[in-house]
Amino acid sequence: MNPTEIYDALSQIAEASFDAEEFPFSFAEATDASQAAISKLRNGSTNKSDLPGGVLFGRRFHYAPATTGKSDTTLEQLRASKKTKSSKPAILLATDGEMIAAEHTASGETLHCAFKELGDQFGFFLPAAGKERYRAVEENPVDVKATGKLAKLYDALIRANPDWGTDARRHEMNQLMMRLIFCMFAEDVGIFPEQQFSRLIFTYAGDKGEEAHKAIIAAFRAMNLPTHERTGLPAWTGELDYVNGGLFAGTIDAPKFDTIAFRYLREACGLDWGKINPDIFGSMIQSVADPKQRSELGMHYTSVPNIMKVIGPLFLDDLDAEIHKGWDRARALQQTLGRMSHIRVFDPACGSGNFLVVSYRELRARETRIMQRLEELDGRNAMGTSEMFSRIKIDHFYGIEISDFAAETAKLALFIAEYQANASFKAIFGRCPAALPLRDAARIHRGNALEIEWEAVCPPPNNDEEIFIAGNPPFVGSNFQTSEQKSDRSELFKSDFKSYKNLDYVASWFYLATLYAEAFCRTNFAFVSTNSITQGRQVPSFWPRILENQKIRFAHTSFQWRNNASSNAAVICVIIGLCPKYISGAKLFDGKVISDVSSISPYLIPIPPVYVEGSGKSIFGLPRMDYGSKPADGGNLILSTEERDEIVQLYPDSNRFIRKYLGSQEVVRGQVRYCMWIKDQEASDAYQYPPFQKRIDAVRQFRTESSNPVTRPTAATPYKFWFTGPETKTHAILVPRVTSERRPYLPVERVGADVISSDLNQVLYDAPEWCIALIASRLHLVWIATVCGKLKSDFRYSNTLGWNTFPVPKFTDEQLEALSASARRILKCRYSHYPKTIADLYDPDKMPDDLRAVHKENDDLLESMYIGRPFRNDTERLETLFKLYAAKIKTLETASKKKKA
DNA sequence: GATCCGACAAGCA
DNA sequence: TGCTTGTCGGATC
């Protein structure tokens, strides 16, 4: 059962009248217990409760009925129960039918709510169904807009010094900004003494900033030199620390500050950089320094909660478990410290280093915790802990980044992370190596991750080492890639993947990581990705090769991309983590819920991998479903009602070339458009009408100018659609190709032969009515939602992937007749609500009861034809469908082998 | 010849 | 200015 189903089941219990004896069993059923387990519980053989009327169901829950108003007291009894202590149920639950008192035993968290809210509180009860709850790390409210101040400084400097805006000096300009930001950050977080940098600069910059550039140059030069080598620099620079680390190496120059730029510099220094979240520090600088990215302002940086969703299950959670287990044993903790010092993290699309910074910070935090514990366990000087300092080095962090500036920023961000970690170490242990000068640096390599050998950047692990590859590589849909991106991939994918050109750009990172993990053991990896690689045609083309030696160890199902940037990228993401195949178990994160499952399929559902491949015709013998007629006309063959009326009024005869035209929006919202529909032999007749002539000429021009080599030849027949489906004889059944995910059933409509359906619908021409009963079923929606692609998260209907693969049993004639009758009932019920449209009728909040009822009837009828009864839930629906599909594929394969033999 | 897709795009409040 | 919802035609097999 999935959480929605648990929610539904609990809501039903909450609405029904309360029966203290029956409640624990319906609660067990609602939280996914099998019928067999419930009947054993009911006859007492597995009920271990030691409380009157109580039911203790294994590790799931311990329930006891309460007298009116005494739920809380009963909960205390449950807590005190010996059987609770020995059986360790996940949930304690007491209720008098009015109020609920419950406790989550692992965390000690309690819940007190009205009985009626049982359904709404389903999240609390998920542990009773064997599902953990997932809590996302809350994101610090970071003011990305502070970047605006830096941007203004940047712009003002360019305005005052136009030559600094040229390509030749852009790198210097960027460097200047980065160094300034480093200094402002450093003085606010205590790397430099209190306000040291800005105090000196503003003292020696002159009243209006006329000397600011000189002061900055002097300060930067000083920071690049050990104190005793600073000859020829103003005496005041002696106060500044030697920073090194490459940050102040190379040419040092600064543009002149006019009064405006100087004011912005003051404002920027005035910001409290200590409050800026260093995790996204890099992304901020990047968006300031790169005017091209200004409009996106950090649109694609990964938020800390999302980074945690990747690196948590990838390695931090394991470490936490290990630390927890060894908490009382110094030896075990020492071992964990050793393990951590051999962990290396590699982000092959590191941008400004967010993943590396957060990974570093989290590792350091755990290390500190362990060392504190070691001191507690063994006293201050035992086991040499007083000598100990961090063994997690920033040169264990590797990255590849294509932009030079971002790569530099990543190094800087890691320096800062190191400073901060050392500072908090010092606060706890009172010791710390000297902060300055900077020593080792992160291994950030500038270049194209798809061209560089990864093992040259991040060398293969030796015996003690573990490598974790993580990141958020760029997503580019196959149709949106540049020719360079395409060629990056062709070399890579040619041999191992069929139809590799349909894969998203992000697939390349998964593949290279797979190759790395196959070559070197002790390598696990996880990436944020667009959800499209887990859907539709990409699944059968991409995943079979990836999963040859790896398995999906954890996955977060689709979630909307979000970060603190002012405008967010519109994309739905998933996170997928892989490990070698021999490791057992997997974790599936779905919204707030974690489930431990035995395997995760590339569709990110908890079943073993089955790949649904598109098919040219139905493998279960369903009628042929076609693609609608596609204009590709620049809009010129399509007429609104007004345009049509106007033409017909002027030229009544021309009406014979005009047909009704329905796309998916027209079907769903009950609208009408019209189109020109001209057969080859009528082309010259139609061309006589001036409005048609104008439009046909426009189509010719549009197609001639198309970048698509397939479209250009169709400029020769500009009077007709780019692609036309077969002629309709009696009627057509239309299925919109894209439809809102909110609707409980897929929209499907029956229209007469006079209608032309656009390519935005799939069409069954002159097909039997029972097809409507199939398409309008819950069963079909569940299949389509799983195996077809999506537009973001909305359903996308495909004939090859969805209809032609949809598993059906062999129907008898009587069954088909019953389904046809059911289809007619649905249509009739819809018509009774005229003029309500499909969009109105299938709005989940407004769906009329009678329509719901006929759909339920249709579902029950169809599902009984599969298993002799309705399915219990969507999980069961999918399991059955995938089994039928897999079995069919197997028989087809055997048959074709036999044929060959 | 026939699709499947979109770090979206457009339309409404 | 957020939220909902599916156009349109290129690129690919």
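Residues numbered from 1 in each chain as written. Chains lettered and ligands numbered in written order. Predicted model: local features only at pLDDT ≥ 70, side-chain atom pairs only at ≥ 80, totals over all residues. Heavy atoms only, no water.

Going by the annotation in an unreviewed UniProt entry, the name recorded for chain A is site-specific DNA-methyltransferase (adenine-specific), with Gluconobacter cerinus given as the source organism. Recorded in UniProt for chain A, the comment headed Catalytic activity (unreviewed entry) runs: "a 2'-deoxyadenosine in DNA + S-adenosyl-L-methionine = an N(6)-methyl-2'-deoxyadenosine in DNA + S-adenosyl-L-homocysteine + H(+)". (UniProt positions renumbered as here; feature names shortened; annotations may be inferred.)

Draft legend 1. Broad picture of the overall build of chain A. Along its length, chain A carries 32 helices and 26 strands. A buried classification covers 55% of the 901 residues belonging to chain A. For chain A, restricting intrachain contacts to residue pairs at least 6 apart in sequence, the fraction spanning at least 24 positions comes to 71%. Counting only carbon and sulfur atoms, one obtains 50% of the accessible surface of chain A, whose full area is about 39,800 Å². Each charge class in chain A can be summarised by its mean position, and for the 111 positive and 112 negative side chains these summaries are 3 Å apart. (Helix = DSSP H or I, 4+ residues; strand = E, 2+ residues; numbered from the N terminus. Buried < 20%, exposed > 50% of the residue type's maximum accessible area, 1.4 Å probe, protein only. Contact = heavy atoms within 4.5 Å. Areas by Shrake-Rupley, 256 points an atom, 1.4 Å probe, with all protein chains shown as cover. Lys, Arg positive; Asp, Glu negative; His and termini not counted. Charge placed at Lys NZ, Arg CZ, Asp CG, Glu CD.)

Draft legend 2. Inspection of the sheet that holds strand β23 (residues 755-757) at higher detail. The 4 strands lie next to each other as β17-β19-β18-β23, forming an open sheet whose pairing is mixed. Taken across any chain shown, the strands that pair with only one partner, and hence form the sheet edges, are β17 (638-639) and β23. Note: β17 against strand β19 (residues 673-676), 2 bridges, orientation antiparallel. Residue pairing across strands places Ile638 opposite Cys675, the latter belonging to β19. Each of β17, β18 (658-662) and β19 touches helix α25 (residues 690-704); the most contacted strand, β19, lies at about 80° to it. (Pairing = 2+ DSSP bridges. Axes fitted to C-alpha atoms, helices over the stretch in contact; angles between N-to-C directions.)

Draft legend 3. Geometry of the protein's contact with DNA strand C. Near DNA strand C you find 29 residues, and of these Asn479, Lys486, Lys630, Ser664 and Asn708 are the closest. Here, DNA strand C places atoms within 4 Å of the protein, and 56% of those atoms are sugar or phosphate. At 3.4 Å, a side-chain N or O of Ser707 approaches a phosphate oxygen of DNA strand C. A distance of 2.9 Å separates a phosphate oxygen of DNA strand C from a polar atom in the side chain of Thr711. Residues of the surface near DNA strand C, tallied by class, amount to 8 nonpolar, 11 polar and 10 charged. (Near = heavy atom within 4 Å. Polar contact = N/O pair within 3.5 Å; in protein donor to acceptor, adjacent residues only side chain to side chain. Nonpolar A, V, L, I, M, F, W, Y, C, P; charged D, E, K, R; others polar.)

Draft legend 4. Examining the UniProt feature "domain: MmeI-like target recognition" (unreviewed entry) in chain A more closely. Using the residue numbers shown here, the UniProt feature "domain: MmeI-like target recognition" (unreviewed entry) corresponds to residues 608-810. When the span residues 608-810 is considered, its composition is 28% helix and 19% strand, and the gap between its end C-alpha atoms is 26 Å.

Draft legend 5. Representation of the side chain of Gln535 in the model. On the secondary structure map, Gln535 appears in the loop between β11 (523-530) and α21 (538-546). Gln535 has contacts with Ser558, Cys788, Gly789 and Lys790, leaving out every residue within four places of it along the chain.

Draft legend 6. Quick look at the pattern of salt bridges. Scanning all chains against the criterion turns up 43 salt bridges. In this structure, Asp680 engages Lys720 in a salt bridge whose closest nitrogen and oxygen atoms are separated by 3.4 Å. With Asp680 in the loop between β19 and α24 (683-687) and Lys720 in the loop between α25 and β20 (731-736), the pair connects residues that are 40 residues apart, well separated along the chain. Given a relative accessible area of 27%, Lys720 falls into the partly exposed group. Across the salt bridge formed by Lys846 and Asp843, the nearest N and O atoms sit 3.8 Å from each other. (Salt bridge = Lys/Arg side-chain N within 4 Å of Asp/Glu carboxyl O.)

Draft legend 7. Expanded view of the sheet that holds strand β25 (residues 790-791). Spatially, β21-β26-β25 is the arrangement adopted by the 3 strands of the open sheet, whose pairing is antiparallel. The open sheet has two edge strands, β21 (738-739) and β25, and neither has a second partner. When β25 meets strand β26 (residues 794-796), the two strands line up antiparallel, connected through 2 bridges. Among the inter-strand pairings, Leu791 is bridged to a residue of β26, identified as Asp794.

Draft legend 8. Geometry of the protein's contact with DNA strand B. Around DNA strand B there are 31 residues in total, and Asn472, Ser532, Phe723, Arg796 and Thr800 lie nearest to it. Here a base nitrogen of DNA strand B and a side-chain polar atom of Asn472 are 2.7 Å apart. Within the side chain of Ser532, an N or O atom sits 2.9 Å from a phosphate oxygen of DNA strand B. Counting only elements with at least two residues in the surface near DNA strand B, the list comes to β25 and α28 (799-803). Among the residues forming the surface near DNA strand B, the class breakdown is 13 nonpolar, 11 polar and 7 charged.

Draft legend 9. Structural view of the state of the cysteines. This model, assessed by the stated rule, comprises 0 disulfides. Looking at the unpaired Cys573, the closest cysteine sulfur is the one in Cys350, lying at 19 Å. (Disulfide = S-S within 2.5 Å.)

Draft legend 10. Here's a closer look at the confidence of the model for chain A. Here chain A averages 88 in pLDDT, while 92% of its residues score no lower than 70. Taken element by element, the predicted model of chain A shows its lowest mean pLDDT in helix α13 (residues 291-294) (49) and its highest in strand β7 (residues 343-347) (98). Confidence drops under a pLDDT of 50 for residues 134-145, and excluding neighbours within four residues, the segment shows 27 contacts in the predicted structure. (pLDDT = per-residue confidence, 0-100.)

Draft legend 11. A look at the packing of aromatic side chains. For the structure on display, the rule yields 43 aromatic pairs. Taken together, a centroid distance of 6.3 Å and an interplanar angle of 80° make the contact between Phe554 and Phe589 edge-to-face. Taken as a pair, Phe554 in strand β12 (residues 550-560) and Phe589 in strand β14 (residues 586-590) lie far apart in primary sequence, 35 residues in all. You'll find Phe554 and Phe589 in the same group, each marked buried. Sitting over the face of the ring of Phe25, Arg42 holds its NZ or CZ atom 4.5 Å from the ring centroid. Above the plane of the ring of Phe559 lies Lys309, whose end atom (NZ or CZ) is 3.9 Å from the centre. (Phe/Tyr/Trp six-rings, centres within 6.5 Å; stacked < 30°, edge-to-face > 60°. Lys NZ or Arg CZ within 6 Å of the ring centre and 35° of its normal.)

Draft legend 12. Up close: the packing of helix α19 (residues 483-493) against helix α20 (residues 507-519). Packing of α19 against α20 brings their axes to within 11 Å, and their N-to-C directions diverge by 35°. You can see that α19 and α20 cross each other, and the crossing is left-handed. Two secondary-structure elements touch here, α19 through Arg489, Leu492 and Phe493 and α20 through Ala507, Ser508, Tyr511 and Leu512. For the contact of α19 with α20, the residue count by class is 5 nonpolar, 1 polar and 1 charged. (Left-handed = near helix turned anticlockwise from the far one by under 90°.)

Draft legend 13. Examining the side chain of Thr880 more closely. Along the chain, the position of Thr880 falls in helix α32 (residues 874-900). For Thr880, a relative accessible area of 18% translates into the label buried. Polar side-chain contacts of Thr880 include one of 2.8 Å to the backbone oxygen of Glu876. The contacts of Thr880, once residues within four sequence positions are left out, are Ile867 and Phe871.

Draft legend 14. Focus on the nonpolar core. Counting 113 residues, the largest nonpolar core has Trp454, Phe542, Trp543 and Phe882 as its most contacted members. When residues in this core are grouped by element, the largest group, 8 residues, is from α20. Here this core gathers at least three residues from each of two domains, domain 3 (304-551) and domain 4 (626-871). (Core = buried A, V, L, I, M, F, W, Y, C linked by side-chain atoms within 4.5 Å. Domains from an automatic or database assignment.)

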